[in-house]
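# Structural overview
One-letter residues, chain by chain:
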Amino acid sequence: MEDTEARWTADQVLALAPDAASRTAGARLAAPAPWSGTGAAGAAVWGLCAGSGSRPYQTVVDLSGPAFACSCPSRKFPCKHALGLLLLWAEGDAGPVVAGAAAPEWAEQWTAARRKKAEAANAAAAASGSDAEPEPDAAAAGLDAARKRAERRAIRVEGGAAELEQRLTDLLRSGLAGSDRAGYQQWDEIAARMVDAQAPGLATRVRELGTAAGAGGDWPSRMLEEAGLLHLLARGFLGRQSLPGPLAETVRTRIGFTVEAADVLAGPLVRAQWLVLAQYDTADDRLTTRRIWLYDAAGGQFALLLSFGAAGRAPELTLPVGTVIDADLAFHPAAVPLRAALGTRYGTSVPEDVPPGTTVGAALDSYGAALSQDPWLDAWPVLLTDVVPVPGPDRWRVADAARDAAVPLLGADHWRLASVSGGRPVTLFAEAGATGFRPLTSWTPTSPRPIPLPTPRAP
């Protein structure tokens, strides 16, 4: 359980906000006036916030999750009241949140319920590893049904991949000219066919192919690249029996096959001190996806946690940027293991030093090596040391301090990174993509506290 003296920074608190409106509203509530009965003890922080009704909202946060509860009607997690309360707590002893206070009954009931739920989950996990087994006939019947469902889906996906191959052949035979004027209808129709074939990964890439046709600039080159990657993925699935095991798993994942987190966690576990490098959300009309990047400095290993929420709702998993989590991770099978499932968490702490990084040239080399194993990578984590943001006539770039290597920065607003740097070298965490680096978090040489950068658009 986290010590309440290990206060988060305001930037770490605001990085938890599900959207910009929540950050603004939470910052407005970071004042003593609307609050009463605030306190903190162990991993809990609580308080009463006056609202528009006669009864104040009861807000409580479990820092070890973190997890949030509030009696307000908001569907966002954390809501503005939880953000405001955490901002007050982040002020330290000078703020209104009293450390070591006795929790009120409503806050204690919620934290006790969370403890009971965690204990039950641990007991269930322990029982699953015992000698208790289901009835043989029932187990065999379940496995047989699952195998038949998997076979039926594989046949449907094979049909979709074969149809897509024919569509791509027709596209290239007739040429790309005029694709930018044809509209999106044909791509929507093909994507719908891939959804019917239970291949959502192919559907997503078909939509990206259609988007490339109307993106302007050198769209034929981009469209040809996307068509090549789509062809490679479809052919990879059709010929998956001849692929090495890790690459075959990568193809299955890119097609849209999923593995349950419980099944992943049943495999090898990696326990380490995981530094939370970045967290941000992307959303469409169906789903909100949260990406959380972790880094084990001792092992030099990155990990990506994905959490999902229904449209308009923030995912539940939230990890403050800059904290260190002592936890078990299990990596999904892949040619380049990146995505992981979060297992048991043993505690949290704060880092004492700025995380170690590498040069721009070495980061590009690692990205190239990863692409050789997984050509469909949409983002590759890079942690850069002693780099400087440099403005240019067309876009910003990030360069080694000696200016002997530079890479374009994706996005438009890099003034916060420039202000952090002030022309001096900084440490930078970014996602490497086909057209540049997307900056997410920076550190100055003198402080291990991270500085989250503006939330990027979807990679």
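Residues numbered from 1 in each chain as written. Predicted model: local features only at pLDDT ≥ 70, side-chain atom pairs only at ≥ 80, totals over all residues. Heavy atoms only, no water.

So, about the overall build of the protein. Secondary structure assignment for the protein yields 12 helices and 16 strands. The C-alpha radius of gyration computed for the protein amounts to 24 Å, which stays within 12% of the reference 23 Å derived for 459 residues, consistent with globular compactness. Viewed in the frame of its principal axes, the protein has a C-alpha envelope of about 70 × 70 × 45 Å. A separation threshold of at least 6 residues defines the contact pool for the protein, and within that pool the share at least 24 residues apart is 62%. (Helix = DSSP H or I, 4+ residues; strand = E, 2+ residues; numbered from the N terminus. Rg over C-alpha atoms; globule rule 2.2 N^0.38 Å. Contact = heavy atoms within 4.5 Å.)

Another point: the pattern of salt bridges. Applying the stated rule across the entire model yields 18 salt bridges. In this structure, Arg-193 engages Glu-163 in a salt bridge whose closest nitrogen and oxygen atoms are separated by 2.9 Å. Note that Arg-193 is positioned in helix α6 (residues 185-196) and Glu-163 in helix α5 (residues 136-174), a separation of 30 residues in sequence. By relative accessible area, which is 22% here, Glu-163 ends up partly exposed. Between Asp-394 and Arg-397 there is a salt bridge; the shortest N-O distance is 3.3 Å. Given the relative accessible area of 57%, Asp-394 is considered exposed. Each of Glu-163, Arg-167, Glu-189 and Arg-193 takes part in one network of salt bridges that share partners. (Salt bridge = Lys/Arg side-chain N within 4 Å of Asp/Glu carboxyl O. Buried < 20%, exposed > 50% of the residue type's maximum accessible area, 1.4 Å probe, protein only.)

With that settled, the discussion passes to the confidence of the model for the protein. Parts of the model with low pLDDT should not have their predicted coordinates read in detail. Residues of the protein with pLDDT of at least 70 account for 92%, and the chain-wide mean is 87. Overall, residues 1-5 carries pLDDT values under 50, and its contacts beyond four positions in sequence, including any with other chains, amount to 14 contacts. (pLDDT = per-residue confidence, 0-100.)

The topology assignment puts Asp-281 in strand β6 (residues 270-283). By relative accessible area, Asp-281 is classed as buried at 17%. Among the polar contacts listed, one links the side chain of Asp-281 to the side chain of Arg-290, at a separation of 2.7 Å. (Polar contact = N/O pair within 3.5 Å; in protein donor to acceptor, adjacent residues only side chain to side chain.)

What follows is about the pairing of strand β14 (residues 426-433). Most of β14 is tucked away: 8 of the 8 residues are buried. Burial along β14 is two-sided: the face carrying Val-426, Leu-428, Ala-430 and Ala-432 and the face carrying Thr-427, Phe-429, Glu-431 and Gly-433 are both buried. Inspection of the sheet shows β14 paired to strand β15 (residues 436-443) by 7 bridges, in the antiparallel sense. If you follow Phe-429 over to β15, its bridge partner there is Thr-441. Counting the residues between successive antiparallel strands, the hairpin from β14 to β15 contains 2 residues. (Pairing = 2+ DSSP bridges.)

On to the packing of helix α8 (residues 219-238) against helix α9 (residues 245-255), then. The geometry of α8 relative to α9 is characterised by a closest axis approach of 9 Å and an angle of 120° between their N-to-C directions. If you check the angle between α8 and α9, you find them oblique. Our pair here, α8 against α9, has a crossing hand that is left-handed. Residues Leu-233, Gly-236 and Phe-237 of α8 pack against Val-251, Arg-254 and Ile-255 of α9. (Axes fitted to C-alpha atoms, helices over the stretch in contact; angles between N-to-C directions. Parallel < 35°, antiparallel > 145°, perpendicular 65-115°, else oblique. Left-handed = near helix turned anticlockwise from the far one by under 90°.)

On to the sheet that holds β14. Taken together, the 6 strands give an open sheet; going across it, the order is β13-β12-β11-β14-β15-β16, and neighbouring strands pair in antiparallel fashion. Pairing within the sheet leaves two strands with one partner each, and these edge strands are β13 (406-408) and β16 (451-452). As defined by bridge partners, strand β12 (residues 397-400) adjoins β13 across 3 bridges and the pair is classed as antiparallel. Bridge assignment links Ala-399 to a residue of β13, and that residue is Ala-406. Along the sheet face, helix α11 (residues 360-373) touches β11 (380-390), β12, β13, β14 and β15 and points at about 155° away from the line of β11.

A few words now on α8. With 20 residues, α8 should cover 28 Å at 1.5 Å per step; its first-to-last C-alpha distance of 28 Å lies within 8% of that length. Taken together, the buried positions of α8 are occupied by Trp-219, Met-223, Ala-227, Leu-230, Leu-233, Ala-234, Gly-236 and Phe-237. (Expected span 1.5 Å × (residues − 1).)

This part covers the pairing of strand β8 (residues 301-310). Here strand β7 (residues 287-296) runs beside β8; their pairing, made up of 10 bridges, is antiparallel. In the sheet register, Leu-294 faces β8, and the bridge partner there is Ala-303. In this antiparallel pair of consecutive strands, β7 and β8, the connection spans 4 residues, and Gly-300 shows a positive phi of 65°.

Below, the discussion takes up the packing of aromatic side chains. For the coordinates displayed, the defined rule picks out 7 aromatic pairs. Aromatic side chains Trp-293 and Phe-429 sit 6.1 Å apart centroid to centroid with 65° between the ring planes, which places their arrangement in the edge-to-face category. You can see Trp-293 sitting in strand β7 and its partner Phe-429 sitting in strand β14, a full 136 residues away along the chain. Each member of the pair Trp-293 and Phe-429 is classed as buried. Look at Trp-396 and Trp-415: their rings are 5.1 Å apart centre to centre, the planes differ by 85°, and that puts the pair in the edge-to-face class. Here Trp-415 lies in helix α12 (residues 415-421) and Trp-396 lies in the loop between β11 and β12, a separation of 19 residues in the sequence. An aromatic cluster is present here, built from Trp-293, Tyr-295, Phe-302 and Phe-429 joined pairwise through their rings. (Phe/Tyr/Trp six-rings, centres within 6.5 Å; stacked < 30°, edge-to-face > 60°.)

On the secondary structure map, Asp-296 appears in strand β7. Buried and unpaired, Asp-296 has no salt bridge, with Arg-271 as the nearest side chain of opposite charge at 11 Å. At 3.2 Å, the side chain of Asp-296 forms a polar contact with the backbone nitrogen of Gly-299. Discounting residues that sit within four places of it in the chain, Asp-296 has contacts with Ala-272, Gln-273, Trp-274 and Gln-301. (Lys, Arg positive; Asp, Glu negative; His and termini not counted.)

Next up on the list: the environment of Ala-162. Looking at the secondary structure, you find Ala-162 in helix α5. Of the residues examined, Ala-162 reaches a relative accessible area of 40% and is grouped as partly exposed.

All right, on to the state of the cysteines then. In this structure the tally under the stated criterion is 0 disulfides. Lacking any disulfide linkage, Cys-49 is separated from the closest cysteine sulfur, that of Cys-70, by 7.6 Å. Residue Cys-49 is classed as buried on the basis of its relative accessible area of 0%. For Cys-70, a relative accessible area of 22% puts it in the partly exposed group. (Disulfide = S-S within 2.5 Å.)

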